[in-house]
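The residues making up each chain are set out below.
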Amino acid sequence: MGTDGPTFHLVVNPSAGHGRAAKLLPRVRERLEAVPGAEVVVHSSTSYAHAEELCRTSAARARRGREGRGRDALVVMGGDGMAHLGLNACADARAEGLDVPLGVVPAGTDNDFCRGVGLATESFSAVEAIVAGHTRRIDLSEVTGQLRDGAEHRFVGSVVSTGYDARVNLATNTFPHPIGPLGSLAYGAIALAELARFAPLDYRLWIDGQTREISSVLVAVANAGHFGGGMKVLPDARVDDGLLDVVLVGSLTRRDVLRLLPKLYRGSHVHEDVVEVIRAREVRIDGASVARDGSRGTMFAMADGELLGDVPITITCRPGLLDVFASVGSVPSR
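The notes below deal with the structure included here.

## Observations regarding the overall build of the protein
Phase 1: Helices and strands together make up the secondary structure of the protein, namely eight helices and 19 strands.
Phase 2: Here the protein has a C-alpha radius of gyration of 20 Å; the compact-globule value for 334 residues is 20 Å, and the two agree.
Phase 3: Structurally, the protein occupies a C-alpha span of about 65 × 40 × 35 Å along its principal axes.
Phase 4: For the protein, the share of sequence-separated contacts (at least 6 apart) that also reach a separation of at least 24 residues comes to 75%.
Phase 5: As displayed, the protein has an accessible area near 14,100 Å², and 51% of this comes from carbon and sulfur atoms.
Phase 6: Taken together, the 36 basic and 40 acidic charged side chains of the protein have centroids lying 3 Å from each other.

As structure tokens, this is what we get:
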């Protein structure tokens, strides 16, 4: 180790991938330490809140690059939750004048952020991209509103969802048994169970200032287009075009949802007549859930696999806000 090279602040969720991250950590650290003059500082998290604190303090400590020494970087190791925390820490650091690149070492059950952005989904391929030092500048979505835990804004790398998809996501997060290595298959099974008690939601949308009122089973707003362990909800979404991709799915019967669900894994649902895809710079979402007996309730939003809070929310594209370590010529998986 030395002080002439960059410092990699490596924040690890050791329980990610059912303990896989903890097993990989020594080799990951050793490979990062091979960067000339580099120092690797490992921070192991004990909870989601602790990981968030570690990411933010690590990004705040990063030093700017200078001639002969690369920029310090934040590297997160885990699943989509860790990627979400890392990109928020780096984006907030940029607002304070610190340009901190993010490295993501996928070691969780789902790695939708990596798929959607075009980063390596294999742990050591991701480490090699960090060692090589090439970065790519990408957009993020910024969500504002009265969010969970009193937050007023969050940055999102992948998808903000508010309908049937959000309910499945939340049910997956709160499932009382480990999902295990089944990944998207488990997600699909939970989706079928949620379908039995789901009804379309009533939406009030403002899409670049244009008002829409619709009944829909799914409204998703994407920076990168993957969620749910590999579902390609917006397969043509780009993370460097300065635009959000928005999908609106009409008021479907349960039979129609069953028919459409497998197509989400291929991205072919976007060709259905009941599906509309729009590109926009800003989207505001409000509305209410509707129970089978007609009673109305709250609508909530999920993003990057995490609960954001209740609507109304506003989602704005923030172009070029984040530098991520990526292989040269990397593109999202299709």
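## Some words on the sheet that holds strand β18 (residues 306-310)
Phase 1: Pairing in this open sheet of six strands is antiparallel, and the strands run β14-β13-β10-β7-β17-β18 from one edge to the other. Where the open sheet ends on each side, the last strands, each with one partner, are β14 (275-280) and β18. Within this sheet the neighbouring strands show an average axis-to-axis angle of 20°, counted without direction.
Phase 2: Pairing of strand β7 (residues 159-161) with strand β17 (residues 300-303), which is carried by two bridges, proceeds in the antiparallel orientation. Among the inter-strand pairings, Ser161 is bridged to a residue of β17, identified as Met302.

## A look at the layout of surface pockets
Phase 1: By volume, the second largest pocket is sized at about 240 Å³.
Phase 2: Going through the elements one at a time, α2 (48-61) and β18 are the ones with two or more residues in the lining of the second largest pocket.

## Things to note about the packing of aromatic side chains
Phase 1: The tally for this structure, following the rule as stated, stands at zero aromatic pairs.
Phase 2: Stacked on the ring of Phe124, the Lys or Arg Arg27 has its end atom at 4.0 Å from the ring centre.
Phase 3: Looking at Arg284, its charged tip hangs above the ring of Trp206, at a distance of 5.6 Å from the centre.

## A few points about the nonpolar core
Phase 1: Within the largest apolar cluster, 51 residues are counted, with the highest numbers of intra-cluster contacts made by Val160, Val233, Ile285 and Ile313.
Phase 2: Here Ile285 is in contact with Thr162, Tyr203, Arg204, Leu205, Val219, Val221, Met299, Val311, Pro312, Ile313 and Ile315, once residues within four sequence places are set aside.

## Topic: the pattern of salt bridges
Phase 1: Here the structure, examined in full by the defined rule, presents 21 salt bridges.
Phase 2: Between Asp99 and Arg71 there is a salt bridge whose closest N-O contact spans 3.1 Å. Within this pair, whereas Asp99 is found in the loop between α3 (80-95) and β4 (102-106), its partner Arg71 is found in the loop between α2 and β3 (73-78), the two being separated by 28 residues in sequence.
Phase 3: Taking the relative accessible area as the measure of exposure, Arg71 reaches 27% and is therefore partly exposed.
Phase 4: Note that Asp112 is salt-bridged to Arg115, the shortest N-O span being 3.0 Å. One end of the pair is Asp112 and the other is Arg115, both in helix α4 (residues 112-117) and three residues apart, which spans about a single turn.

## Topic: empty space enclosed by the protein
Phase 1: Taken as a whole and assessed by the stated rule, the structure comprises three cavities of 30 Å³ or more.
Phase 2: Taken as a whole, the largest cavity spans an internal volume of roughly 150 Å³.
Phase 3: Around the largest cavity sit 17 residues that line it, and Tyr164, Leu218, Val257, Leu261 and Leu264 are the ones nearest its centre.
Phase 4: For the lining of the largest cavity, the secondary-structure elements that each account for two or more residues are α6 (164-173), α7 (184-195), β13 (244-249) and α8 (254-266).
Phase 5: Residue contributions to the lining of the largest cavity peak at four residues, all from α8.
Phase 6: Taken together, the residues of the lining of the largest cavity sort by class into 15 nonpolar, one polar and one charged.
Phase 7: Of the volumes computed, that of the second largest cavity is approximately 70 Å³.

About the cut-offs
- Residues numbered from 1 in each chain as written.
- Predicted model: local features only at pLDDT ≥ 70, side-chain atom pairs only at ≥ 80, totals over all residues.
- Heavy atoms only, no water.
- Helix = DSSP H or I, 4+ residues; strand = E, 2+ residues; numbered from the N terminus.
- Rg over C-alpha atoms; globule rule 2.2 N^0.38 Å.
- Contact = heavy atoms within 4.5 Å.
- Areas by Shrake-Rupley, 256 points an atom, 1.4 Å probe, with all protein chains shown as cover.
- Lys, Arg positive; Asp, Glu negative; His and termini not counted.
- Charge placed at Lys NZ, Arg CZ, Asp CG, Glu CD.
- Pairing = 2+ DSSP bridges.
- Axes fitted to C-alpha atoms, helices over the stretch in contact; angles between N-to-C directions.
- 1 Å grid on protein atoms, 1.4 Å probe; cavity = no way out; pocket = protein on both sides within 12 Å on 5 of 7 lines; lining within 4 Å.
- Points joined across faces, edges and corners; volume = space filled by probe spheres on them.
- Phe/Tyr/Trp six-rings, centres within 6.5 Å; stacked < 30°, edge-to-face > 60°.
- Lys NZ or Arg CZ within 6 Å of the ring centre and 35° of its normal.
- Core = buried A, V, L, I, M, F, W, Y, C linked by side-chain atoms within 4.5 Å.
- Buried < 20%, exposed > 50% of the residue type's maximum accessible area, 1.4 Å probe, protein only.
- Salt bridge = Lys/Arg side-chain N within 4 Å of Asp/Glu carboxyl O.
- Nonpolar A, V, L, I, M, F, W, Y, C, P; charged D, E, K, R; others polar.

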